[in-house]
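Listed below, chain by chain, are the residues.
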Amino acid sequence: MSQAGVEHHEAPTGFIRRYVFSLDHKVIGIQYWWLALVAVFVGMFLSLLMRFQLAWPSHKIPLWGQVMTPEQYLALVTMHGTIMVFFVLTTAPQSGFGNFALPIQIGAADMAFPVLNMLSFWTTFVSFAVMCAAFFVEAGAPIGGWTAYAPLSALGEIAGPGQGMGLNLWVISLFIFCAASLMGALNFIVTTLDLRTRGMSLMRLPLTVWAWFVTAILGLLAFAVLMGACILLLLDRLAGTSFFVPGGLVLGGKPVNHQGGSPLLWQHLFWFFGHPEVYIAILPGMGIVSQILSTFCRKPIFGYRAMVFAILAIAILSCSVWGHHMFISGMNPYTAFVFSILTVSIGVPSAIKTFNWLGTIWRGKVQFATANLFALAFVSLFVTGGITGIFLAQPAVDLPLHDTKFVVAHFHFVMGLAAIFGMFAGTFFWFPKMFGRTMNETLGKIHFWITTAGVYCVFFPMHFMGLAGDPRRYADVTQYKFLATLPPLNHFITIAAFITGAAQLIFLVNVLWSMAKGPRAEINPWRCTTLEWTVPSPPPHDNFGGPPPAVYHGAYEYSVPGVKEDFVLQTDSRVVAGQH
């Protein structure tokens, strides 16, 4: 593939151009990774405050010195969900690892548009700063949840604390994030299509590249819709329009001076973004896990072409199932039936990927490195969350469960935890290439086992709480007699959450210590086949230090008969081993 369109730039000499306003895709990827790491600790801290409130609702919050109000709890719910979905689950797997690894994996010197790449990161950073600023305005952060349902989100400060300037900042932050994501998506698509090196056909691409490429296409479609929705919401809030505010609305005994809008329009626009967003978060993790399982099981990925077509099928179907988030909105039963069928059918390509992962593991020479442990746990978490999704795909079942902890458990397993475990796996896998040093495997395994046990203790019991009718978004459920048996379970979940949160400090210590004192990494410590493992650790400015490499094999040539090292690099022209 021709690289004539790449925008060449010289190696930087100054600190600012090298590490701050860098044009190097590797530095930008690491910047995204650090931003997501900061965001995940902010989001985790907010979730621990929520857990304390749910377990001991009448107690003063330690170090805060006051009892949390319902409005403060709703602000935590809103900001926790928003920060985790946008600045962690969207930022790290796609923008972080994708920026770092994709150009090298396809044999390119950089992304197609390095300046646009830099602007994309700094726009994301500004978005995060604006989002965090919502904590510090007069009435505090918004209380409408991360979905910001209209009409309350469209009315301004009369709708409640945080619904004034706090929600303005929230909407502006999302608008900025959408702009950054669109820039990044264009870069990923053009880079993948135009800058592949000689011999790198589409069916020789690593599954990571396929995942990042398809995710970029989804991002281009989904974030454009959310950006438009944010503009309409701001117009309702600041310019007196009525896109989402219906006529005849009375608030606090006073009629609202809007008419003709539809709250359901916001739901349609938001969820047309929101369900592809689930796969924007999880598809990169699927690619990363496929890469790691093949590497540490020393086997070619089972059913490579089926995996590629499953990624494509998931992307296509993800744009047609948004209505299952709206079963309780008064949807026509026939329309609900269509969305239900489509929702169940998206499980087919997901199941293909799951069984292919199991086929890759089956009879493989499994190596239990920390990266592989997190990859194996990813499969477990994804299956656990996916099974409960089949329940919620049925309108008759979703109606009583939708506003309960059952849904909280479902989407945390399938979207949150699985994606985060994919990030942990990717960090341990690419850390030697990113920083030139290896992470401590002992600390990694301790962190893995505490975290895996912890997340199951935190979220699995929520299925039973949801079946008992425990409502989500309620700051205190102890006043309801039918939930009188649940406080001990809330105590158990909260203690498990604090232990799991503390375990993340082990990961942070491992990262910081390994960056400074970790053993120097070899060029190819995991004995991998893809192109990033043919260059020094960390890679030079232009990745390959000269002409781009030529590719002769697929990305997963492991356990090849008659080969000394049991694997064949994609660049090795001396061996006939091509399977794809």
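Quick caveat: nothing in here was measured; it's all calculated off a predicted structure.

Participant: What's the story with the overall build of the chain in this structure? I'm lost.
Facilitator: Looking only at helices and strands, one finds 16 helices and 2 strands in the chain. The C-alpha atoms of the chain give a radius of gyration of 24 Å, which matches the 25 Å a tight globule of 580 residues would have. In terms of overall dimensions, the chain has C-alpha extents of about 80 × 50 × 50 Å along its principal axes. With 580 residues in all, the chain has 60% of them scored as buried. Approximately 22600 Å² of the chain is accessible, and the part contributed by carbon and sulfur atoms is 70%. Put simply, the chain has 28 plus and 22 minus side-chain charges, and the middle of one group is 8 Å from the middle of the other.

Participant: Could you clarify how one ought to interpret the pattern of salt bridges in this entry?
Facilitator: Two side chains with opposite charge may pair up if their charged atoms get near one another. According to the stated counting rule, one finds 7 salt bridges in the structure shown. Here aspartate 566 and arginine 298 are joined by a salt bridge, their closest N and O atoms 2.8 Å apart. Separated by 268 residues along the polypeptide, aspartate 566 in the segment after helix H16 (487–517) and arginine 298 in the loop between helix H8 (263–297) and helix H9 (304–318) bring together distant segments of the chain. Judged by its relative accessible area of 16%, aspartate 566 falls in the buried class. Residue class for arginine 298 comes out buried when judged on its relative accessible area of 2%. As a salt-bridge pair, aspartate 566 and arginine 527 come within 3.2 Å of each other at their nearest N and O atoms. Placement of aspartate 566 in the segment after H16 and of arginine 527 in the segment after H16 is noted, with a sequence separation of 39 residues between them. Arginine 527 sits in the partly exposed class, given a relative accessible area of 31%.

Participant: What's the story with a nonpolar patch on the surface in this structure? I'm lost.
Facilitator: The grouping of Phe175, Ile231, Leu235, Phe243 and Leu265 at the surface amounts to a nonpolar patch, some 360 Å² of accessible area in total. Summarising the element assignment, phenylalanine 175 is placed in helix H6 (residues 165–194).

Participant: Just to check I follow, could you spell out the side chain of histidine 402 for this structure?
Facilitator: Within the secondary structure, histidine 402 sits in the loop between helix H13 (395–401) and helix H14 (405–435). Residues in contact with histidine 402, not counting those within four places in the same chain, are His325, Ile328, Val407 and Arg472.

Participant: Just checking my understanding: could you explain H6 for this structure?
Facilitator: For an α-helix, the turn length of 3.6 residues means that residues three or four places apart are oriented alike. Between the first and last C-alpha of H6 there are 44 Å, a value that for 30 residues agrees with the 44 Å anticipated at 1.5 Å per step. Of all the 30 residues making up H6, 22 are buried; the element is thus mostly covered by neighbouring parts of the structure.

Participant: Would you mind showing me how to read helix H4 (residues 91–105) here?
Facilitator: Between its first and last C-alpha, H4 extends 19 Å over 15 residues, near the 21 Å set by a 1.5 Å rise per residue. Bending of H4 peaks at approximately 55° at the position of glycine 98. Most of H4 is tucked away: 15 of the 15 residues are buried. Downstream of H4 by a residue or two, glycine 107 has a phi angle that is positive, lying close to 85°.

Participant: What is the right way to read the confidence of the model for the chain from this model?
Facilitator: Interpretation of this model should avoid reading the predicted coordinates in detail wherever pLDDT is low. A residue-level look at the chain finds 97% of positions with pLDDT of 70 or above and a mean pLDDT of 94. Note that pLDDT drops below 50 for residues 1–5; the model gives that stretch 17 contacts with residues more than four away or on any other chain.

Participant: How should the packing of aromatic side chains be read in this particular structure?
Facilitator: Centre distance and the angle of the planes are the two values used to describe a pair of aromatic rings. Overall, the coordinates contain 52 aromatic pairs when judged by the stated rule. Seen in terms of ring centroids, phenylalanine 135 and phenylalanine 136 are 6.5 Å apart; in terms of plane orientation they differ by 70°. Their pairing is edge-to-face. Judged by relative accessible area, phenylalanine 135 falls into the partly exposed class, the value being 28%. By the ring-pair criterion, three or more aromatic residues cluster together here, those being Phe86, Phe87, Phe128, Trp146, Phe177, Phe223, Phe244, Trp266, Phe270, Trp271 and Phe273.

Participant: Help me out: how do you make sense of the packing of helix H2 (residues 25–55) against H16 in this one?
Facilitator: The packing of two helices is summarised by the inter-axis angle and the distance between the axes. Between H2 and H16, the shortest axis-to-axis distance is 9 Å and the interhelical angle comes to 160°. By the angle between their axes, H2 is roughly antiparallel relative to H16. Note on packing geometry: the crossing formed by H2 with H16 is left-handed. Its residues assigned to classes, the contact of H2 with H16 comprises 18 nonpolar, 5 polar and 1 charged.

Participant: I keep staring at the nonpolar core and nothing clicks. Help me out?
Facilitator: As a rule of thumb, soluble globular proteins bury nonpolar side chains together. Core analysis: the largest hydrophobic core is formed by 177 residues, its most contacted members being Phe86, Trp210, Tyr304, Trp357, Phe378, Phe429 and Trp430. A per-element tally of this core places H14 first, with 19 residues.

Participant: How should the side chain of threonine 192 be read in this particular structure?
Facilitator: Take threonine 192: it is sitting in helix H6. In this structure, threonine 192 is in contact with Leu102, Ile106, Leu205, Val209 and Phe213, ignoring residues within four places of it in sequence.

Participant: For this particular structure, what's the right way to read the environment of proline 12?
Facilitator: Residue placement: proline 12 occurs in the segment before helix H1 (15–20). In sequence terms proline 12 and serine 22 are 10 residues apart; their C-alpha atoms lie 7.9 Å from each other.

Participant: Is there a simple way to think about the state of the cysteines in this case?
Facilitator: The term disulfide refers to a covalent linkage connecting the sulfur atoms of a pair of cysteines. Within this structure, the stated rule accounts for 0 disulfides. Here cysteine 178 is not disulfide-linked; the sulfur of cysteine 230 is the nearest cysteine sulfur, at 5.2 Å. Of the residues examined, cysteine 178 reaches a relative accessible area of 0% and is grouped as buried.

Participant: I would appreciate a short explanation of the environment of methionine 200 in the present structure.
Facilitator: Counting through the fold element by element, methionine 200 comes out in the loop between H6 and helix H7 (207–238). By relative accessible area, which is 1% here, methionine 200 ends up buried. Among residues more than four places away in sequence, those in contact with methionine 200 are Gln105, Ile106, Leu205, Leu531, Val551 and Gln570.

Participant: Could you clarify how one ought to interpret unusual backbone geometry in this entry?
Facilitator: Note: most residues except glycine have negative phi, and most peptide bonds are trans. Across the junction of alanine 150 and proline 151, the peptide omega takes the value 5°, indicating a cis bond. Summarising the element assignment, proline 151 is placed in the loop between helix H5 (114–133) and H6. Omega for the peptide link from serine 537 to proline 538 comes to -5°, which places this bond in the cis form. Positionally, proline 538 belongs in the segment after H16. If you check the backbone angles, leucine 63 has positive phi at about 70° while not being a glycine. Tracing the chain through its elements places leucine 63 in the loop between H2 and helix H3 (70–89). You will see that serine 559, though not glycine, has its phi angle at about 50°, which is positive. Relative to the assigned elements, serine 559 resides in the segment after H16.

Calculation notes
Residues numbered from 1 in each chain as written. Predicted model: local features only at pLDDT ≥ 70, side-chain atom pairs only at ≥ 80, totals over all residues. Heavy atoms only, no water. Helix = DSSP H or I, 4+ residues; strand = E, 2+ residues; numbered from the N terminus. Rg over C-alpha atoms; globule rule 2.2 N^0.38 Å. Buried < 20%, exposed > 50% of the residue type's maximum accessible area, 1.4 Å probe, protein only. Areas by Shrake-Rupley, 256 points an atom, 1.4 Å probe, with all protein chains shown as cover. Lys, Arg positive; Asp, Glu negative; His and termini not counted. Charge placed at Lys NZ, Arg CZ, Asp CG, Glu CD. Salt bridge = Lys/Arg side-chain N within 4 Å of Asp/Glu carboxyl O. Patch = residues over 30% accessible without salt bridge, like charges linked within 9 Å, V, L, I, M, F, W, Y side chains within 5 Å. Contact = heavy atoms within 4.5 Å. Expected span 1.5 Å × (residues − 1). Bend = angle between axes of the 7 residues up to and from the residue. pLDDT = per-residue confidence, 0-100. Phe/Tyr/Trp six-rings, centres within 6.5 Å; stacked < 30°, edge-to-face > 60°. Axes fitted to C-alpha atoms, helices over the stretch in contact; angles between N-to-C directions. Parallel < 35°, antiparallel > 145°, perpendicular 65-115°, else oblique. Left-handed = near helix turned anticlockwise from the far one by under 90°. Nonpolar A, V, L, I, M, F, W, Y, C, P; charged D, E, K, R; others polar. Core = buried A, V, L, I, M, F, W, Y, C linked by side-chain atoms within 4.5 Å. Disulfide = S-S within 2.5 Å.

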